[in-house]
Amino acid sequence: MKQKTDTRGVVIPLTGYLQQQQPPTPEHKPVAAIVTPIAIALVAGIGLGALTTHQSSGYQRIQQYKADSAELTKIRKTICY
């Protein structure tokens, strides 16, 4: 649907010059209103994923293995050297 634009000009007072009216500029949708909720959801999802991973039994088992390995390495260095 085309809108009919007004091509008439506006007369500037005291000078008599005819100034063309600028066509109305289309309003832009606010990008921040769209991007902000998406960013918040993304950050919340990453946070929940990290929290879930950190509290999983597999992750805790891996951390325990790392701690045990570090302790055994320390004992081995003490005994062997």
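From a predicted model like this one, the values you see are computed outputs, not experimental measurements.

On to the overall build of the protein, then. Along its length, the protein carries two helices and two strands. For the protein, the succession of helices and strands along the chain, N to C, is β-β-α-α. Residues classed as buried in the protein amount to 0% of the 81 residues present. As presented, the protein carries roughly 8200 Å² of accessible surface, and 64% of it is formed by carbon and sulfur atoms.

The next thing to look at is the environment of Thr73. As for its position among the elements, Thr73 is in helix α2 (residues 57–80). Within the structure, Thr73 has its side chain in polar contact with the backbone oxygen of Ser69 (distance 2.8 Å).

A contiguous nonpolar surface patch, about 380 Å² in accessible area, is contributed by Val31, Ile34, Val35 and Ile38. Along the chain, Ile38 turns up in helix α1 (residues 31–54).

So, on to the confidence of the model for the protein. The pLDDT averaged across the protein works out to 81; a share of 77% of its residues lies at or above 70. Mean pLDDT in the protein bottoms out at strand β2 (residues 18–20), which sits at 66, and peaks at α1, which reaches 91.

Parameters at a glance
- Residues numbered from 1 in each chain as written.
- Predicted model: local features only at pLDDT ≥ 70, side-chain atom pairs only at ≥ 80, totals over all residues.
- Heavy atoms only, no water.
- Helix = DSSP H or I, 4+ residues; strand = E, 2+ residues; numbered from the N terminus.
- Buried < 20%, exposed > 50% of the residue type's maximum accessible area, 1.4 Å probe, protein only.
- Areas by Shrake-Rupley, 256 points an atom, 1.4 Å probe, with all protein chains shown as cover.
- Polar contact = N/O pair within 3.5 Å; in protein donor to acceptor, adjacent residues only side chain to side chain.
- Patch = residues over 30% accessible without salt bridge, like charges linked within 9 Å, V, L, I, M, F, W, Y side chains within 5 Å.
- Salt bridge = Lys/Arg side-chain N within 4 Å of Asp/Glu carboxyl O.
- pLDDT = per-residue confidence, 0-100.

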